[in-house]
Amino acid sequence: MSWQQAMIKLSAKRRGFHLIDREILQHLPQIKDYQVGLLHLFLQHTSASLTINENADPTVRMDLESHFNHFVPERQAYYKHDYEGDDDMPAHIKSSTLGCELTIPIKQGQLQLGTWQGIYLGEHRDHASSRCVIATLQGSKS
């Protein structure tokens, strides 16, 4: 059983949902050495999220952003935590709703995502900086 860990610094992104598969895999060429295993991704931030969803049609990403903005609106009178602006508390709620970690199976050096699945970063802040993801690989190597 082999374990490896890497910190991946994702480029800063505008608010919305962004496919990050390529950016993640670019930093983890050693995945190809794993016959069977798991990739665990942990996002070290409280105002962004990780999720898996449709990777083909960009309107899915737009609809997710629209839904979450409607579901968790800004400038609510009951928000107390707004030190960093109107998007501050809604970003934390969206992050808690979607989560900050994923575990994806690996088989014969490939992530076992479904045909139409991709890894998304949900960026919930208007003016976010880069984001850090801890990637942990475990499994049997070839």
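Quick notes on the rules
Numbering of residues begins from 1 in every chain and follows the order in which that chain's sequence is written. Only residues with pLDDT of at least 70 get local features here, since the model is predicted, and only at 80 or more are side-chain atom pairs given and counted; chain-wide, interface and lining totals rely on the full set of residues. Hydrogens and water are ignored here; the side-chain numbers use all heavy atoms of the structure. For the purposes of this entry, the term helix denotes a DSSP run of H or I that reaches at least four residues, the term strand denotes a run of E that reaches at least two, and both are numbered from the N terminus. Accessible area is worked out with a 1.4 Å probe on protein chains only. A residue is then buried under 20% of its type maximum, exposed over 50%, and partly exposed in between. Throughout, a contact is declared for two residues whenever any of their heavy atoms are within 4.5 Å. Nonpolar cores are built from buried Ala, Val, Leu, Ile, Met, Phe, Trp, Tyr and Cys residues. Side-chain atoms within 4.5 Å join them into one set. Any Lys or Arg side-chain nitrogen located within 4 Å of an Asp or Glu carboxyl oxygen qualifies as a salt bridge. The disulfide criterion is simple: two cysteine sulfur atoms within 2.5 Å. Whether two aromatic rings pair depends on their centres lying within 6.5 Å, for rings of Phe, Tyr and Trp, where Trp uses its six-membered ring; planes under 30 degrees apart make the pair stacked, over 60 edge-to-face, and the rest tilted.

### As for the environment of lysine 94
(1) Moving on: If you trace the backbone, lysine 94 turns up in helix α3 (residues 88-98).
(2) Moving on: Using a relative accessible area of 1% as the deciding quantity, one classes lysine 94 as buried.
(3) Moving on: Residues within four places of lysine 94 in sequence aside, it is in contact with Arg15, Ser49, Phe68, Asn69, Val72 and His124.

### Concerning the nonpolar core
(1) Moving on: Of all hydrophobic cores here, the largest spans 21 residues; its most connected members are Ile24, Leu39 and Leu41.
(2) Moving on: For this core, the elements supplying multiple residues, two or more each, are β1 (2-10), β3 (34-43), β4 (48-54), β5 (101-107), β7 (117-123) and β8 (131-141).
(3) Moving on: If you tally residues by element for this core, the top one is β3, at four residues.
(4) Moving on: In contact with leucine 39, other than residues within four places in its own chain, are Ile24, Leu28, Ile31, Leu102, Thr103, Ile104, Ile106, Leu111, Ala135, Thr136 and Leu137.

### Thoughts on unusual backbone geometry
(1) Moving on: Its identity is not glycine, yet arginine 75 carries a phi of approximately 55°, on the positive side.
(2) Moving on: Locating arginine 75 in the fold gives a position in the loop between α2 (58-71) and α3.
(3) Moving on: You can call arginine 75 exposed: its relative accessible area is 59%.

### Section: the pattern of salt bridges
A side chain of one charge can pair with a side chain of the opposite charge if their charged atoms are brought near each other.
(1) Moving on: Evaluation of the coordinates by the stated rule reveals 11 salt bridges.
(2) Moving on: Residue glutamate 74 is joined to arginine 75 by a salt bridge in which the shortest nitrogen-to-oxygen separation is 3.2 Å.
(3) Moving on: Owing to a relative accessible area of 18%, glutamate 74 belongs among the buried residues under this scheme.
(4) Moving on: The salt bridge involving glutamate 123 is made with arginine 131; its shortest N-O contact spans 2.8 Å. We note that glutamate 123, like arginine 131, is buried.

### Quick look at the state of the cysteines
(1) Moving on: Summed over the entire model, instances satisfying the criterion amount to zero disulfides.
(2) Moving on: The structure places no disulfide on cysteine 100, whose sulfur is separated from the nearest cysteine sulfur, that of cysteine 132, by 13 Å.
(3) Moving on: Given a relative accessible area of 18%, cysteine 132 falls into the buried group.

### Here we look at the packing of aromatic side chains
(1) Moving on: Tallying each qualifying case throughout the model produces four aromatic pairs.
(2) Moving on: Centroid distance phenylalanine 68 to phenylalanine 71: 6.2 Å. Interplanar angle 85°. Geometry classified as edge-to-face. With phenylalanine 68 and phenylalanine 71 both in helix α2 and three residues apart, this pair spans about one turn of that helix.

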